[in-house]
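Residues per chain are reported as follows:
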Amino acid sequence: MLEAYALVTIVIITKIFYTFPLTTIKQTGTAAWYTTLISCVGAIVFFALLYLLLQRFPQKDLYQVFEAVLGKKVSRFIILIFSVYFLYYTGINLSEFVTILKIYSMPFTPKEVLVAGFLTVIAAMAYVGLEGIVRVAYVLFYLIITGLVLILILAIPFYDFNSLKPWLGYGLGVSASEGFLKISAYDSVIILAIIANSLQGLKYFKRIGLSCLLTAGAIFSICLACILAAFQYTAGSGYISGMYHLSRIIYYSRFFQRVEAIFLFVWVFASVIAISAVFYIALSSYCRVFSITNHRPLLWPFLFLTFAFTFLPSNIYEIISVHVRLIRGYSVFLIVPVPILVLLVSIIRGKKGGKASGT
Amino acid sequence: MSEKKPKNIIWQMLELISYKKTSRPKTFILPEMDEQQSKQRQESNKRQESEQQQIPENRQQSKGRNQADEQAKDTSQIPGGQEQKHTQAMVVERAGQRRRIPKKPLAASEVKSARVEKDQVKTDVNSNLQVLRQAFHVPENKDLIIRDIILPNKKRGFLAFLDGMVNKIIINEYILRPLLEQEATSQSGNTKGIALEDIVLTNDTQSLKNINEVISEILKGNTAVYVDGLDYILICETIGFEKRGVETPKTEIVVKGPQEAFSENLRTNITLLRRIIRNRDLVTEFFEIGEKSSTVCAIVYLQGLVNPLVVREVKRRLENIKIDFVVSAGMLEELIEDNPYSLFPTILNTERPDRTAASIMEGRVAIILDGTPIVLIVPVTLNALMHSSEDAALKWHNTTALRMVRFCAFAIAILLPGFYLALTTYHHEMIPTELLIAIAKAKENVPFPTIIEVLLMELGFELIREAGIRIPGIVGNTLGIIGALILGEAAVSANIVSPVLIIIVALTGLSNFALPNYSLAFGVRILRFCFIFAGAVLGFFGLALAAVLLTLMLVNLKSFGVPFMSIVAPRTKRGKDIVLRWPLWMQEKRPDFLNPLDSQRQPEIARQWTQQDPE
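Residues numbered from 1 in each chain as written. Chains lettered and ligands numbered in written order. Predicted model: local features only at pLDDT ≥ 70, side-chain atom pairs only at ≥ 80, totals over all residues. Heavy atoms only, no water.

### A closer look at the overall build of chain A
Then comes step 1: A tally of regular secondary structure across chain A gives 16 helices and zero strands.
Then comes step 2: Each of the 359 residues in chain A was classed as buried or not, and the buried ones make up 61%.
Then comes step 3: Within chain A, contacts between residues separated by at least 24 positions form 83% of all contacts whose residues are at least 6 apart in sequence.
Then comes step 4: Accessible surface, chain A: about 13600 Å² in total, of which carbon and sulfur atoms supply 69%. (Helix = DSSP H or I, 4+ residues; strand = E, 2+ residues; numbered from the N terminus. Buried < 20%, exposed > 50% of the residue type's maximum accessible area, 1.4 Å probe, protein only. Contact = heavy atoms within 4.5 Å. Areas by Shrake-Rupley, 256 points an atom, 1.4 Å probe, with all protein chains shown as cover.)

Next up, the structure:
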């Protein structure tokens, strides 16, 4: 149970190391820290609906439910769209991470080399499969959380919580609408529904999902508040990676300063786990569509496609304004409504299946 | 037989140039040649059969046995254990060699019964002697001693044993003397009535009717006794070869705790264990490994405590090793481990009986190979490899602190050179200014890039270590230390490496030595170079990627079905002597990941005197 919790939490919170703080602060100003809580509440509602759907088909995972409700052809088409989306998500996330790495830490290293190194590890993780990814996630989860907490604690001398004012940011309406769109920042919780059969029943599914969303919401909110408190919304919306800057300002003496490089470990750990998990889900979704039992022969083509997606955006501006906006804003119109529609169809058509397990 | 249909010319040409597999493996002949040869063979078979009948009976029997042995070998080599169709063996004489020609398939049961019959001990001295002589290649082989005897009742007999493998006093005093002096039982003249077991005075005897088993016992150092007319051979325990005594451990030295180590003798090793665990449930099972060496291997476990699935798995692996020769625990380890490509060992090696006993008491299985002083323990986890034999002898807080030091040493030994390289090459900003200036100053006159410096020093260190092991005695260690000092000093003076690097390499080497497990330390040595490469190419990013790969490798390792990273991945119940060592009286449970049948090590209150009033 804890392993699945660690995996999904890492997949959700990894965005905090990327441009998520920048875009959120830019769009909602000083209200960013609670806008994400609005998104979190929205994500919990979405998760509740997801739970209701799985409850109707207790011994099935999300894709099996799709098939049971919508039939083979339609469900496979939807799963294929999900697979493409997850693959795109993998590529854009990787591109975002590598670009930030190049900007802050390794400006002279070619992007291709960084991507190739990263993809090598992703290939190994995906080759081993879900069990390996989940176990690595659990082992490194504590390190990631410790690193994150350390950054926040060590930067305390630079916080001025007056910078969180005005409390309403750009207005409640903006916060609410952006909050709704940012539900997509939490939509990775759907992974739990896809791997539901690997969990020990729906009771654990519910518990893990809620814990993940609440933890992620708390982490996002605290990190955004700390970034705002340290840099104000003006500078906060200018830094590409707010968390990296937060670690950069840590200064205790001439001996203990500029320690941001050490936090690279935390970022890489989190990024590798998050991206390889989504990559594996994309791969396994594709295998489901075409009833392929062994995912390993498909590793090379999928790695190649991810490599291609990584080089789709040509610069950081394009990443932020187009692709990140798509996967952390408008993807809410893809990931969220499909299960809800399936739930509605199953209710209307009165479809149910299996006996409840662990509920 | 139906007549062959006429074939068209193309078909015949194709047949002419095509090769056809014959009954002789690995040879291919043209079909026409094959037909001619088979006719010749049939003729020679008939001749051979008539000649064969004239060969004296005992000679024929021994040859037949050899043939049966050959046949047995042939069938045993069939992959998957499936028996081929057995063919009735027809003997062809060709320059003294014999070869089988398929004629008529025999049923498997018939083949088996024929083989069993041929392996039986014969009822006359000459035949049995002949078999033994042939089996041991006498007279070329001078090791087999055959002592002919004539009993007081005029019956012929013999003793057979391997020179140097037996205790001759036992043979002279407790086998030969009683045999030559026995009278009572021989008076009847009924040879079947002679109870040899009652005459010889050795502590263990066996009556064997299978000649192969007799040979196996002689090879172990036992003595075979046979008297004419008997249909069995008596095996008397006379093992008595030279062996090393119980000495102090060489690689697992402790300050507090027992000072005994295993030796090369299997029986001594098992005795050492039995002396510590005086429990009737301590079970020892024997296996023979090595088709040619027949090395004896024992597994020792505590029945009723150990997980039976682990025992079954150990037995399955040991029973299914097909190799000619095994001489060391390392070889056996390689043959039975789960992940042979892993850099980290998944089997614990120890030379200490106390550690082995403690492992058995936790629900593990010990594998002891004859001829090696190292015992293998399975299943193990990474945490078990970080334990030392002294842990149990020290106070709990000292042990816990030491274990923390070892985990730090593990991290330093893998990461430090790569970290230094990444830091000085990619992430200078992290180094405090004063230190950065000091490093830069020290490197000022060094012409090589840091990666070359690191590799040179690491390689030098490995060379010194390897040379130190090869140089005999205490000189080796001394030379190693002096060599390192002189080399380091000279390298710094010659501006080949910077002094900071000497510190880094020395720290890494020390950390490597701090690891309690020799095989683990080896794995770490190799991994270090991978991390150096990763740090040199991609800085901290590379190191982090390598760390993820290492974690992935570790979480996927298994030791006889038990995950190598148990208690963390997968998460199992925390024990009180796994990472941290709690006081002994708090260690009520055995490790959960081993799934022992009896998980309770001791009652909840081990120190029951604390519940009593002082007198």
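### With respect to the environment of Val-524 of chain B
Residue and element names in this part refer to chain B.
Then comes step 1: Relative to the elements of secondary structure, Val-524 occurs in helix 19 (residues 518-556).
Then comes step 2: Residues Val-524 and Ala-413, spaced 111 residues apart in sequence, show a C-alpha to C-alpha distance of 6.8 Å.
Then comes step 3: With residues near it in sequence (within four places) discarded, Val-524 still touches Phe-344, Phe-410, Ala-413, Ile-414, Asn-512 and Leu-515.

### Overview of the interface of chain B and chain A
Then comes step 1: Tallying the contact residues gives 28 residues for chain B and 34 residues for chain A.
Then comes step 2: Between chain B and chain A lies a buried interface of about 2800 Å² when both sides are counted; carbon and sulfur atoms form 78% of it.
Then comes step 3: The largest per-residue losses of area from chain B upon contact with chain A belong to Phe-541, Val-548 and Leu-552 of chain B, which jointly make up 22% of the total buried on that side.
Then comes step 4: Counting the contacts that link chain B with chain A gives one salt bridge.
Then comes step 5: Glu-434 of chain B serves as the salt-bridge partner of Arg-254 of chain A, at 3.3 Å between the closest nitrogen and oxygen.
Then comes step 6: Run the count over chain B and chain A and you get two residue pairs in polar contact (both at pLDDT 80 or more).
Then comes step 7: Broken down by element, the residue count for the side of chain B that touches chain A peaks at 14 residues, all from helix 19 of chain B.
Then comes step 8: Taken together, the residues that form the side of chain B that touches chain A break down as 19 nonpolar, five polar and four charged. (Buried area = accessible area lost by both parts, 1.4 Å probe. Salt bridge = Lys/Arg side-chain N within 4 Å of Asp/Glu carboxyl O. Polar contact = N/O pair within 3.5 Å; in protein donor to acceptor, adjacent residues only side chain to side chain. Nonpolar A, V, L, I, M, F, W, Y, C, P; charged D, E, K, R; others polar.)

### So, the pattern of salt bridges
Residue and element names in this part refer to chain B.
Then comes step 1: Tallied over the full model, the rule gives 32 salt bridges over all chains.
Then comes step 2: Residue Glu-264 is joined to Arg-244 by a salt bridge in which the shortest nitrogen-to-oxygen separation is 2.9 Å. Of the two residues, Glu-264 sits in the loop between strand 11 (233-236) and helix 9 (266-276) while Arg-244 sits in the loop between strand 11 and helix 9, which places them 20 residues apart along the sequence.
Then comes step 3: Exposure remark for Arg-244: the relative accessible area of 29% places this residue in the partly exposed category.

### Comments concerning the side chain of Lys-111 of chain A
Residue and element names in this part refer to chain A.
Then comes step 1: Within the element layout of this structure, Lys-111 appears in helix 6 (residues 111-128).
Then comes step 2: Separated by 3.3 Å, the side chains of Lys-111 and Ser-95 make a polar contact.
Then comes step 3: Sequence-distant contacts of Lys-111, that is, excluding residues within four places in its chain, are made with Ser-95, Val-98, Thr-99, Lys-102, Thr-310, Phe-311 and Pro-313.

### Some thoughts on the sheet that holds strand 11 of chain B
Residue and element names in this part refer to chain B.
Then comes step 1: A sheet is described by the order of its strands in space; here five strands give the open sequence 7-8-10-11-9, paired in antiparallel fashion. Edge positions in the sheet fall to strand 7 (144-150) and strand 9 (205-208), since each has one partner strand and no second. If you compare each strand with its neighbour and ignore which way they point, the axes differ by 20° on average.
Then comes step 2: Examined bridge by bridge, strand 10 (residues 223-227) and strand 11 share three bridges and lie antiparallel to one another. Residue pairing across strands places Ala-224 opposite Ile-235, the latter belonging to strand 11.
Then comes step 3: Running at roughly 15° to strand 8 (residues 156-162), helix 5 (residues 125-135) makes contact with strand 7, strand 8 and strand 10 of the sheet. (Pairing = 2+ DSSP bridges. Axes fitted to C-alpha atoms, helices over the stretch in contact; angles between N-to-C directions.)

### Here we look at the sheet that holds strand 14 (residues 348-350) of chain B
Residue and element names in this part refer to chain B.
Then comes step 1: Strand order in the open sheet formed by five strands is 12-13-15-16-14, with antiparallel pairing between adjacent strands. Of all strands in the sheet, those with a lone pairing partner are strand 12 (282-289) and strand 14, marking the two edges. For this sheet the average axis-to-axis angle between neighbouring strands, irrespective of direction, equals 25°.
Then comes step 2: With eight bridges joining them, strand 12 and strand 13 (residues 295-302) adopt antiparallel strand pairing. Considered in strand 13, the bridge of Glu-288 is made with Val-296.

### Focus: helix 10 (residues 308-319) of chain B
All names here are of chain B.
Then comes step 1: Taking 1.5 Å per residue, twelve residues should reach 16 Å; helix 10 reaches 16 Å between its end C-alpha atoms and fits that length.
Then comes step 2: Here helix 10 has its buried residues at Val-310, Val-311, Glu-313, Val-314, Arg-317 and Leu-318. Down the axis of helix 10, the smallest arc covering the buried residues is 165°, so these residues share one side. For helix 10, exposure combined with an orientation more than 90 degrees from the buried face picks out Leu-309 and Arg-312.
Then comes step 3: Elements in contact with the buried residues of helix 10: strand 12, strand 13, helix 11 (329-336), strand 15 (365-369) and strand 16 (375-378). (Expected span 1.5 Å × (residues − 1). Arc of directions from axis to C-beta.)

### Examining the pairing of strand 11 of chain B
Residues and elements named next belong to chain B.
Then comes step 1: Residues Ile-233 and Ile-235 point to one face of strand 11 and Leu-234 and Cys-236 to the other, with burial holding for every one of them.
Then comes step 2: Across four bridges, strand 9 lies against strand 11 in antiparallel orientation. Residue pairing for strand 11: Ser-207 is matched across the bridge by Leu-234.
Then comes step 3: The antiparallel pairing of strand 10 with strand 11 creates a hairpin that spans five residues between the two strands, and Gly-229 there sits at a positive phi of about 100°.

Any functional reading would require information beyond the geometric quantities listed.
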